Amino acid sequence: MRFQDRVVIVTGGSKGIGAGCARVFCQEGGLVAILARGTEEGESLAQQLSDDGPGRAIFIQCDVSQHKQLGQAVERTVAEFGRLDCIINNAGAHPPATSLDDTSVEMMEELMRTNYISTFAGAKYALPHLRKTKGTIINMSSMTAILGQDRSSAYCATKGAQVSLTKALAIELGPDGIRVNAILPSNIDTPLMRDWAATLDDPESALARVSAMQVFGRMGTSEEMGRIALFLATEDSSFLTGQAIEAEGGASLDY
Ligand SMILES: NC(=O)c1ccc[n+]([C@@H]2O[C@H](COP(=O)([O-])OP(=O)(O)OC[C@H]3O[C@@H](n4cnc5c(N)ncnc54)[C@H](O)[C@@H]3O)[C@@H](O)[C@H]2O)c1
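Counting starts from 1 at the beginning of each chain's written sequence and moves along it residue by residue. Restriction of local features to residues with pLDDT of at least 70 applies here, the model being predicted, together with a cutoff of 80 or more for giving and counting side-chain atom pairs; totals for whole chains, interfaces and linings are based on all residues. Note that the side-chain values use all heavy atoms of the structure and ignore hydrogens as well as water.

Helix and strand definitions follow DSSP, with helices as H or I runs of at least four residues and strands as E runs of at least two, each counted in order from the N terminus. When you line up the elements, Ile-245 lands in strand S7 (residues 244-247). Assessed through its relative accessible area of 23%, Ile-245 is described here as partly exposed. A sequence separation of 221 residues divides Ile-245 from Val-24, and the C-alpha atoms of the two residues are 18 Å apart. We call two residues contacting when some pair of their heavy atoms lies within 4.5 Å. Leaving out residues up to four positions away in the same chain, Ile-245 has contacts with Ala-182, Ile-183, Leu-184, Ile-228, Leu-232 and Leu-240. The cut-offs for exposure are 20% and 50% of the maximum accessible area for each residue type, with area from a 1.4 Å probe on protein chains only; residues under the lower value are buried, those over the upper are exposed, and the others partly exposed.

Now the structure itself:
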């Protein structure tokens, strides 16, 4: 019960890594607000997590690319649960592999809004509440922020921006007792990963290739990312801030 009666917002929490985070925090007694677009999926997961307990989850419909909706969802969370201890800025999209020639500036702007502006806005709107609890901000970036990825320049740029924001905010908010860290997953088996593979010529061999990249010969799980987030949200990591945690199963070793 490492998060008992404490409150966490998970953006994009209805599936994939976000759902893994929501599940882990709920299992540790947390009160979890799942922010996502799809009502059916979000409500059903919130119900299931609450039934399993010991924590409780609610669903709040929110398109994080609309920053005013995100601000309202933060306020609704605090109205419902009375406090806020952590925000996990996790919602994100990975477009199909696309060359720079075929990436319009408008596509870049839209992806920046979904993946990065939402991270900035989430931190900004959560801040007044996190000051009261000396809470934490966790940004779900990616190993692609530091390693790059073929025909994914727009995506990689949004993930890099999250890391820079993490470091700058850690400096600014440290005196308030607020810690800010990023998680950089390599290959995690989620709907996003499978959707991305489906855009390639041979999805099955693409999934086998990304599994083989980790020294364990497998992808990570959403719950493994959730447990890292739990560590970053609790006193176990009280001396860590501004860190880009490479949650990559050894994928970047032995180059
Ligand atoms: N899966 C991986 O291997 C991997 C690797 C590195 C980084 N990441 C990052 O982890 C995060 C989660 O990825 P995932 O693999 O779980 O993806 P996913 O597609 O499986 O889940 C992403 C969630 O974000 C939500 N979302 C997307 N756009 C949204 C919006 N505008 N408003 C509200 N919700 C929105 C989706 O609905 C979904 O619930 C992303 O930021 C992604 O960049 C994933």
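Read on for the rest.
This paragraph deals with the pattern of salt bridges. In the sections that follow, a salt bridge refers to a side-chain nitrogen of Lys or Arg positioned within 4 Å of a carboxyl oxygen of Asp or Glu. Taken as a whole and judged by the stated rule, the model has nine salt bridges. Linking Arg-6 and Glu-235 is a salt bridge whose minimum nitrogen-to-oxygen distance equals 3.3 Å. Here Glu-235 lies in the loop between helix H9 (222-233) and S7 and Arg-6 lies in the segment before strand S1 (7-11), a separation of 229 residues in the sequence. Exposure remark for Arg-6: the relative accessible area of 17% places this residue in the buried category. Accessibility expressed as a relative area gives 55% for Glu-235, which makes it exposed. Between Arg-23 and Glu-223 there is a salt bridge, with its nearest N and O atoms 2.6 Å apart. Here Glu-223 lies in helix H9 and Arg-23 lies in helix H1 (residues 16-27), a separation of 200 residues in the sequence. The exposure class of Glu-223 is partly exposed, given its relative accessible area of 26%.

Any residue with a non-hydrogen atom lying within 4 Å of a molecule or strand is treated as near it. Close contacts around the ligand come from 27 residues, with Ile-17, Asn-90, Tyr-155, Ile-188 and Thr-190 the closest. Side-chain atoms alone can form a polar contact between residues adjacent in sequence; in general such a contact is a pair of N or O atoms within 3.5 Å, and within protein one must be able to donate a hydrogen while the other accepts it. Between the ligand and Ser-14, the relevant distance is 3.3 Å, taken from an oxygen atom to a side-chain nitrogen or oxygen of the residue. Within the backbone of Ser-186, a nitrogen or oxygen atom sits 3.4 Å from an oxygen atom of the ligand. Residue-level accessible areas treat just the shown protein chains as cover; the underlying method is Shrake-Rupley with a 1.4 Å probe. Contact with the protein chains removes 95% of the 820 Å² of surface that the ligand exposes when unbound. Contributing elements (two or more residues each) for the shell around the ligand: H1, helix H6 (153-173) and helix H7 (191-198). Of the residues belonging to the shell around the ligand, the class tally is 11 nonpolar, 12 polar and four charged. Three categories are distinguished: nonpolar for Ala, Val, Leu, Ile, Met, Phe, Trp, Tyr, Cys and Pro, charged for Asp, Glu, Lys and Arg, and polar for the others, with Gly belonging to the last.

This paragraph deals with the environment of Phe-59. Turning to its location among the elements, Phe-59 is positioned in strand S3 (residues 56-61). Through-space distance from the C-alpha of Phe-59 to that of Ala-36 is 7.7 Å; in sequence the pair is 23 residues apart. Setting aside its immediate chain neighbours within four residues, Phe-59 contacts Ile-34, Ala-36, Arg-37, Gly-38, Thr-39, Gly-42, Glu-43, Ala-46 and Arg-76.

Strand pairing is assigned whenever DSSP identifies at least 2 bridges connecting the two strands. The strand order S3-S2-S1-S4-S5-S6-S7 describes an open sheet built from seven strands, whose pairing is parallel. With partners counted over all chains shown, the strands left at the sheet margins are S3 and S7, one partner each. Averaged over all adjacent pairs, the angle separating strand axes in this sheet is 20°, with direction ignored. As paired elements, strand S2 (residues 31-36) and S3 share six bridges and run parallel to each other. The partner of Val-32 across the bridge, within S3, is Ala-57. Axis definition: a line fitted to C-alpha atoms, over the contacting stretch in the case of helices. Angles run 0 to 180 degrees between N-to-C directions. Its contacts with the sheet put helix H3 (residues 67-81) on S1, S2 and S3, and the angle it makes with S3 is roughly 150°.

On to H1, then. What sets the pattern is the α-helix's 3.6 residues per turn: residues three or four places apart point alike. An ideal rise of 1.5 Å per residue puts 16 Å on 12 residues; H1 measures up with 17 Å between its terminal C-alpha atoms. Most of H1 sits out of view: 10 of its 12 residues are buried. The complete set of buried residues in H1 reads Gly-16, Ile-17, Gly-18, Ala-19, Gly-20, Cys-21, Ala-22, Val-24, Phe-25 and Cys-26. Among the residues trailing H1, Gly-29 stands out with phi positive, at a value near 85°. Here a helix's expected span is defined as the number of its residues, less one, multiplied by 1.5 Å.

Once that is clear, we can look at the packing of helix H4 (residues 105-133) against H6. Interhelical geometry of H4 versus H6 gives an angle of 20° and a closest axis separation of 9 Å. Here H4 is positioned roughly parallel relative to H6, judged by the angle of their axes. Crossing of H4 against H6: the hand is right-handed. Of H6, the residues touching H4 (which contributes Met-108, Leu-111, Met-112, Asn-115, Tyr-116, Thr-119, Phe-120, Ala-123, Leu-127 and Arg-131) are Ala-154, Tyr-155, Ala-157, Thr-158, Lys-159, Ala-161, Gln-162, Leu-165, Leu-169 and Leu-173. Looking at the contact of H4 with H6 residue by residue, the class counts come to 14 nonpolar, four polar and two charged. Geometric relationships in this document are graded by angle, where less than 35 degrees denotes roughly parallel, more than 145 denotes roughly antiparallel, 65 to 115 denotes roughly perpendicular, and other angles denote oblique. If you view the pair so one helix is near and one far, a crossing is left-handed when the near helix is turned anticlockwise from the far one by less than a right angle, and right-handed when it is turned clockwise.

Any residue with relative accessible area above 30% and no salt bridge may belong to a patch, with like charges joined within 9 Å and the nonpolar Val, Leu, Ile, Met, Phe, Trp and Tyr side chains within 5 Å. On the surface, Val-215, Phe-216 and Leu-253 cluster together to form a nonpolar patch covering roughly 350 Å² of accessible area. Structurally, Leu-253 can be placed in the segment after S7. A relative accessible area of 55% means that Leu-253 is categorised as exposed.

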